[in-house]
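Architecture at a glance
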Amino acid sequence: MVVHGANDARVVLAESGQLVEALRARGVPVEYTVMKDEGHAIENPQNVIALYTSAERFLAEHLGFATHFEADKS
């Protein structure tokens, strides 16, 4: 999982794109998210929630556990 703020002044967006391309070329599953209204750190509260929700889902899928949303349904 790669998350990048589009307004990042420290890391050029193309660098995360190259990382994602290299991982995919090796068959590594990658979820790539560019947050258009963020910089180097994800700070907008709505984006932070979206980031943690996506991270939980991605890790659950690849590590084989239920998300807390799935656990609440049972």
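Residues numbered from 1 in each chain as written. Predicted model: local features only at pLDDT ≥ 70, side-chain atom pairs only at ≥ 80, totals over all residues. Heavy atoms only, no water.

1. A look at the pattern of salt bridges
- According to the stated counting rule, one finds one salt bridge in the structure shown.
- One salt bridge in this structure joins Glu31 and Arg57, with 3.0 Å as the shortest N-O distance. One end of the pair, Glu31, is in the loop between helix H1 (13–25) and strand S2 (32–35); the other, Arg57, is in helix H2 (residues 45–63), with 26 residues separating them in the sequence.
- What makes Glu31 buried here is its relative accessible area of 19%.
- Since its relative accessible area comes to 38%, Arg57 is described here as partly exposed. (Salt bridge = Lys/Arg side-chain N within 4 Å of Asp/Glu carboxyl O. Helix = DSSP H or I, 4+ residues; strand = E, 2+ residues; numbered from the N terminus. Buried < 20%, exposed > 50% of the residue type's maximum accessible area, 1.4 Å probe, protein only.)

2. Focus on H1
- Taking 1.5 Å of rise per residue, 13 residues should cover 18 Å, and H1 covers 19 Å from first to last C-alpha, within 8% of that figure.
- Residues of H1 that are buried: Ser16, Gly17 and Val20. Projected onto a plane normal to the axis of H1, the buried residues spread over an arc of 105° and lie on a single side. Pointing more than 90 degrees away from the buried face of H1 are the exposed residues Gln18, Glu21 and Ala25. (Expected span 1.5 Å × (residues − 1). Arc of directions from axis to C-beta.)

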